[in-house]
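Secondary and tertiary structure notes
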Amino acid sequence: MTVTRIVIENCAVATVDAHDTEHPSGHLVVTGNRIESVGPGPAPEGLTGAVRRIDGTGCLATPGLVNTHHHFYQWLTRGLATDHNLFDWLVALYPTWARIDEPMVRAAAQGSLAMMALGGVTTAMDHHYVHPRGAGDLTGALVGAAREMGVRFTLARGSMDRGASDGGLPPDFAVETLDGALAATEEAIDTHHDPAPDAMTRIAVAPCSPFSVSTELMRQGAELARRKGVRLHTHGSETREEERFCKELFGMGPTDYFASTGWLGEDVWMAHCVHMNDADIAAFARTGTGVAHCPSSNARLGAGIARVPDMLAAKVPVGLGVDGTASNESGELHTELRNALLINRLGAHREAALNTRQALRLGTYGGARVLGRHHETGSLEPGKLADLVLWRLDTLAHASMADPVAALVLGAPAPVALSLVDGRPVVEDGRLVTVDQEAVARTTRGEARRLAEIARSG
């Protein structure tokens, strides 16, 4: 069998391995879908089957970015309810979201995935919890869009069964029944989940949030996930309003409520986790529960500043999330590297909160750990999956910055010269090579207009 290799040389390399190994000028060799070697200087001599040799002069190679929280469908409602807190924002937008259908969801997924891929994401994630009756195969639309884009994908099959008449926020016609949600989630796992180490698609069980699902859905959802051997995801401790809601409805705060329903553990990760006290952080650390930190969305909705430095000090797994593009309109994860660092420095730890290497780790290895894939991706090491990004730092925007990691994290968004997912190019010279990005833009504009018209007509 002929061995084919891609050789990248003359670039700075930030491996994000256990020792944060970096090479001012180094190389990477990719064989098939795996990293064969990474190190200083040029690639080893005598390599055969090199189908491509890439001169990475002026570039920085890093692991591909890993997104740990998103809502693709919200691509169609960007720029709305721009001055609302979380609960008011949800109430304002749920009636529109409840009108989505399969073509809309597919178009929104294409737009969301395109923006992430163009910004260096190689492992995407979507938490989709709005399933209107008669909307079509929304799960298939999401999985299909990710497959076409060529990125690794975790779909957290979300659900809601607590409508407005039961004290929840979503309108009743936007929620599922308990049995219907569980059955559809199990079907998604059986149809699409791949447990293989190099899987391109995985499914997680993901009831939406304490204020939109019943306690029974939380409990039975956890049981379903563990019976099927998949991960669990939900929103947690995002706002003060949520904390009050949990205490009024359940007689306890969010973390204690999650513990009572089986929702703490190494197979669980929560989005946001802004309002966590010392006991909450200790519980997450003790159980290995992960956190998807979404700094831009937290700021957009005025939710607050998550205690990320304290979580990291306690050894809580933490990754970064874009969150939905109705609360982070840029839809890009690489901007979250910068925002995570800057926003956390506004907190109690100030300039000691995070440094540039920690920010890069959050967006790569940290995210892979949160998704349970850190043994396969998230760092540049021999034997790991060939999910990597070559960032251009030879532009005017980065011309006077000698430290390439500081340039990537603190500087203007760096263009992607090349991204590989599973050893295959997804972006080259700042352009998607797997899909027509202009066609994606046209389709998403059209579907956004169609959704707005449907919502207006009631």
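A short tour of the structure in this document, coming up. (Residues numbered from 1 in each chain as written. Predicted model: local features only at pLDDT ≥ 70, side-chain atom pairs only at ≥ 80, totals over all residues. Heavy atoms only, no water.)

1. Structural notes on the overall build of the chain
Looking only at helices and strands, the chain features 14 helices and 17 strands. Taken over the C-alpha trace, the chain has a radius of gyration of 21 Å; the compact-globule value for 458 residues is 23 Å, and the two agree within 12%. Across the 458 residues that make up the chain, the buried fraction comes to 60%. Of all intrachain contacts in the chain linking residues separated by at least 6 positions in sequence, the fraction that spans at least 24 positions is 74%. Just so you have it, the chain exposes about 16800 Å², and 51% of that area is on carbon and sulfur atoms. Charge-centre separation for the chain: the mean point of 41 positive side chains lies 1 Å from the mean point of 54 negative side chains. (Helix = DSSP H or I, 4+ residues; strand = E, 2+ residues; numbered from the N terminus. Rg over C-alpha atoms; globule rule 2.2 N^0.38 Å. Buried < 20%, exposed > 50% of the residue type's maximum accessible area, 1.4 Å probe, protein only. Contact = heavy atoms within 4.5 Å. Areas by Shrake-Rupley, 256 points an atom, 1.4 Å probe, with all protein chains shown as cover. Lys, Arg positive; Asp, Glu negative; His and termini not counted. Charge placed at Lys NZ, Arg CZ, Asp CG, Glu CD.)

2. Quick notes on a nonpolar patch on the surface
A cluster of nonpolar side chains, L342, M401 and L410, forms an exposed patch at the surface whose accessible area comes to about 210 Å². Note that L410 resides in helix α13 (residues 404–410). By relative accessible area, L410 is classed as partly exposed at 34%. (Patch = residues over 30% accessible without salt bridge, like charges linked within 9 Å, V, L, I, M, F, W, Y side chains within 5 Å. Salt bridge = Lys/Arg side-chain N within 4 Å of Asp/Glu carboxyl O.)

3. Focus: the side chain of E242
You can see E242 is positioned in helix α6 (residues 240–250). Put simply, E242 is tucked away with no salt bridge, and the nearest opposite charge, on R240, sits 11 Å away.

4. What to know about the environment of R226
By the element assignment, R226 lies in helix α5 (residues 215–228). Spatially, the C-alpha atom of R226 lies 20 Å from that of H374, the residues being 148 residues apart in sequence. If we skip the residues at most four places from it in the chain, R226 touches L232, G262, L264, D267 and V268.

5. Structural notes on the side chain of T444
Of note, T444 is situated in helix α14 (residues 437–457). A distance of 3.5 Å separates polar atoms of two side chains, one belonging to T444 and the other to W75. Apart from residues no more than four positions distant in its own chain, T444 is found in contact with W75, L76, A107 and G111. (Polar contact = N/O pair within 3.5 Å; in protein donor to acceptor, adjacent residues only side chain to side chain.)

6. As for the environment of R219
By the secondary structure assignment, R219 is in helix α5. With 191 residues separating them along the chain, R219 and L410 place their C-alpha atoms 42 Å apart. Not counting chain neighbours up to four residues away, the residues in contact with R219 comprise S260 and T261.

7. Focus: the packing of aromatic side chains
Tallied over the entire structure, the rule returns nine aromatic pairs. Ring plane angle 90° and centroid distance 5.8 Å describe the contact between Y73 and Y129, whose orientation is recorded as edge-to-face. In this pair, Y73 is assigned in the loop between β6 (65–66) and α1 (86–97) and Y129 in the loop between β7 (121–128) and α3 (138–149), connecting sequence segments 56 residues apart. The exposure class assigned to Y73 is buried, which follows from its relative accessible area of 1%. Taken together, a centroid distance of 6.2 Å and an interplanar angle of 50° make the contact between Y257 and F258 tilted. Each of the two residues, Y257 as well as F258, counts as buried. Clustering of aromatic rings is evident, with ring pairs tying together Y73, W89, Y94, W97 and Y129. (Phe/Tyr/Trp six-rings, centres within 6.5 Å; stacked < 30°, edge-to-face > 60°.)

8. Side note on α1
The set of residues buried in α1 consists of L86, F87, W89, L90, L93, Y94, T96 and W97. Projected down its long axis, α1 carries its buried residues within an arc of 165°, all on one side. Along its buried surface, α1 packs onto α6, α9 (295–300) and α14. Between the side-chain oxygen of the N-cap and the backbone nitrogen of F87 there are 3.3 Å, and the N-cap of α1 in question is N85. (Arc of directions from axis to C-beta.)

9. Concerning the pairing of strand β3 (residues 34–40)
Both strand β2 (residues 22–31) and β3 contribute to a ladder of six bridges, which runs antiparallel. By the bridge assignment for β3, G26 is matched with P40. Counted along the chain from β2 to the antiparallel partner β3, the turn is two residues long, and its residue G32 has a positive phi close to 60°. (Pairing = 2+ DSSP bridges.)

10. Brief notes about the nonpolar core
Ranked by size, the top nonpolar core spans 109 residues in total, and within it W89, W97, L113 and M311 carry the most contacts. By residue number, the principal contributor to this core is helix α2 (residues 102–118), which donates eight residues. Look past the residues within four positions of M311 in its chain and what remains in contact with it is C273, M276, I281, V291, A306, V316 and V318. Counting 18 residues, the second largest nonpolar core, distinct from the first, contains L28, V30, A386 and L390. (Core = buried A, V, L, I, M, F, W, Y, C linked by side-chain atoms within 4.5 Å.)

11. Structural notes on the packing of α2 against α3
Running from amino to carboxyl end, α2 crosses α3 at an angle of 30°, the nearest separation of the two axes being 9 Å. α3 is crossed by α2, and the crossing has right-handed handedness. Counted together, E102, V105, R106, A109, Q110, L113, A114 and A117 of α2 and L138, G140, A141, L142, G144, A145, A146, E148 and M149 of α3 form the full contact between these two elements. Across the contact of α2 with α3, the residue classes break down as 11 nonpolar, three polar and three charged. (Axes fitted to C-alpha atoms, helices over the stretch in contact; angles between N-to-C directions. Left-handed = near helix turned anticlockwise from the far one by under 90°. Nonpolar A, V, L, I, M, F, W, Y, C, P; charged D, E, K, R; others polar.)

12. Observations concerning α14
Compared with an ideal rise of 1.5 Å per residue, which puts 21 residues at 30 Å, α14 spans 30 Å between its outermost C-alpha atoms and is within 8% of the ideal. Listed as buried for α14 are Q437, V440, T444, E447 and L451. Buried residues in α14, looked at end-on, bunch into an arc of 85°, giving them a common side. Among the exposed residues of α14, those pointing more than 90 degrees away from its buried face are R442, R449, R456 and S457. Where α14 is buried, its residues meet α1, α2 and β17 (431–432). N-cap assignment for α14: the residue whose side-chain oxygen lies 3.1 Å from the backbone N of E438 is D436. In the stretch just after α14, G458 is the one whose phi turns positive, near 80°. (Expected span 1.5 Å × (residues − 1).)

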